Amino acid sequence: MKIGLLFAGQGAQYPGMGKSLYDTSKEAKRIFDSAGPEIQGWCFEGTQEILKQTNVTQPCIYTVSMAAYKAFLEELSGLDEDLINQIEMEGMAGFSLGEYSALTAGGAIRSFETGLGIVRQRGALMNEVGKGENGESIGGMIAAFGERAHILECVEASRENGILEGVNFNSPVQTVVAGDKEALERFKTKAKELRNIKAIPLSVSTAFHSPMMNPIVPKLRELLLAAGLGKPTVKVYSNVTGRDVMEGCSKDEGEWIADIMAKQANSPVYWQETMENMMADGIRTFIEIGPGTTLCGLAKKIDSELVTMHIENEETLKETIETLKNLIKGKEVE
């Protein structure tokens, strides 16, 4: 049975995330202990307002996701060998920040500690570039529901001299728009006038994957080059292309990934295309790893027949293991 792993992105955070995994899984505890008391405190006791800060959000979600992944592998190792042999980890993808989790799970980022160092600095860079002189956030993001073409037309009509782009192409009916606050207000007004787009502001601190991120791209590339990245041992699908991150590689593998992941910061996330390419590769069963169920929801919007599970705490870990066992044994699952 081919399995695709999907790693959660920014916006999925919530107070207390990861605590039950820390309390019940040896491998998850090891990840959190390696992350240190500051991140543990943010994850287990931080308020929603604290967790919304980009420099906090990114290392916290990365840590919870990797703890959940390691707890999953720990549980899998306890299954009968016959069951284990029927599970094929065919591909991985992560939404924006989650791509760093996918690259770590896939072996391109060689250790959790290396990945956490990258993510902490990435979060700090994004947090800084997204603020004005007074320290206030200058951008944001809106989830727009409607036909992609209509949403992009609304973007063009609302941009004027500001920053405004379609940046996350999530499903046939959802596109996320990012930009400066004034342009986003124009977009909301125009969407209301058109009546064919529903606009919901997202709980993020700036305009990710937009031109607002341009200043950090060279800094992020240098950071990634210094991390000693390698070729993944499993197929990891790129946000930038929706296809295998190594497709078309024409240089040193670590430099290739560094270039793509630096570009990812100010490029759109082609999530719908990512999922469609994973499906074209024969993956029909997906497990979302990390806080929340956003990616499971998007998967169902792309194809309602897909089988989805998620792992964010002890309860959902156990449920996912039982569902996998039932699927392998040919039993129907809800």
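Because the structure is a prediction, the values reported are computed rather than measured.

Peer 1: Which parts of the structure should I look at to understand helix 11 (residues 217–225)?
Peer 2: V217, L220, L223 and L224 are the residues of helix 11 that are buried. Down the axis of helix 11, the sector holding all buried residues measures 120°, keeping them to one side. Check the buried side of helix 11 and you find it contacts helix 7 (98–105), helix 8 (112–129) and helix 12 (253–264).

Peer 1: Just to check I follow, could you spell out the nonpolar core for this structure?
Peer 2: A general feature of soluble globular proteins is that nonpolar side chains tend to end up buried together. If you look at the biggest cluster of nonpolar residues, it comprises 80 residues, and the most contacted ones within it are F72, Y100, L224 and I287. The dominant element in this core, judged by the number of residues it contributes, is helix 5 (residues 54–76), at 12 residues. Among residues more than four places away in sequence, those in contact with L224 are Y100, I118, L229, A258, M261 and A262. A93, V269, L295 and A299 belong to the second-largest nonpolar core, a separate cluster that totals 16 residues.

Peer 1: Hey, could you run me through the packing of aromatic side chains in this one?
Peer 2: To describe a pair of aromatic rings, one takes the distance between the centres and the angle between the planes. Counted according to the given criterion, the structure contains 7 aromatic pairs. Seen in terms of ring centroids, Y62 and F112 are 5.5 Å apart; in terms of plane orientation they differ by 5°. Their pairing is stacked. Of this pair, Y62 sits in helix 5 while F112 sits in helix 8, and the two are 50 residues apart along the sequence. Side by side, Y62 and F112 carry an identical accessibility label, which is buried. Grouped by ring-pair contacts, the aromatic residues Y22, F32 and F44 constitute a single cluster. Its guanidinium or amino end placed over the ring of F44, K19 lies 5.8 Å from that ring's centre, counting from NZ or CZ.

Peer 1: It is not clear to me how the side chain of T54 should be interpreted in this structure. Could you clarify?
Peer 2: Among the secondary structure elements, T54 is positioned in helix 5. Ignoring any residue separated from it by four or fewer positions in sequence, one finds T54 in contact with Q10, P59, G123, M126, N127, S205 and F208.

About the cut-offs
All chains use their own residue numbering, which begins from 1 and follows the written sequence. In view of the model being predicted, local features appear only for residues whose pLDDT reaches at least 70, and side-chain atom pairs are presented and counted only at 80 or more, with totals across whole chains, interfaces and linings using the full set of residues. Note that water and hydrogens are dropped before the side-chain values are worked out from all heavy atoms of the structure. Residue exposure (1.4 Å probe, protein chains only): buried if accessible area is under 20% of the type maximum, exposed if over 50%, otherwise partly exposed. Here a strand is any run of E in DSSP of at least two residues, a helix any run of H or I of at least four, and the numbering for each starts at the N terminus. The directions from the helix axis to the C-beta atoms are what the arc is built from. Residues are treated as being in contact if the distance between any of their heavy atoms lies within 4.5 Å. Here, nonpolar core means buried Ala, Val, Leu, Ile, Met, Phe, Trp, Tyr and Cys residues that are tied together by side-chain atoms lying within 4.5 Å of each other. We call Phe, Tyr and Trp rings a pair once their centres come within 6.5 Å, taking the six-membered ring for Trp, and we label the pair stacked below 30 degrees between planes, edge-to-face above 60, and tilted otherwise. Two thresholds decide whether a charge sits over a ring: the Lys NZ or Arg CZ must be within 6 Å of the ring centre and within 35 degrees of the ring normal.

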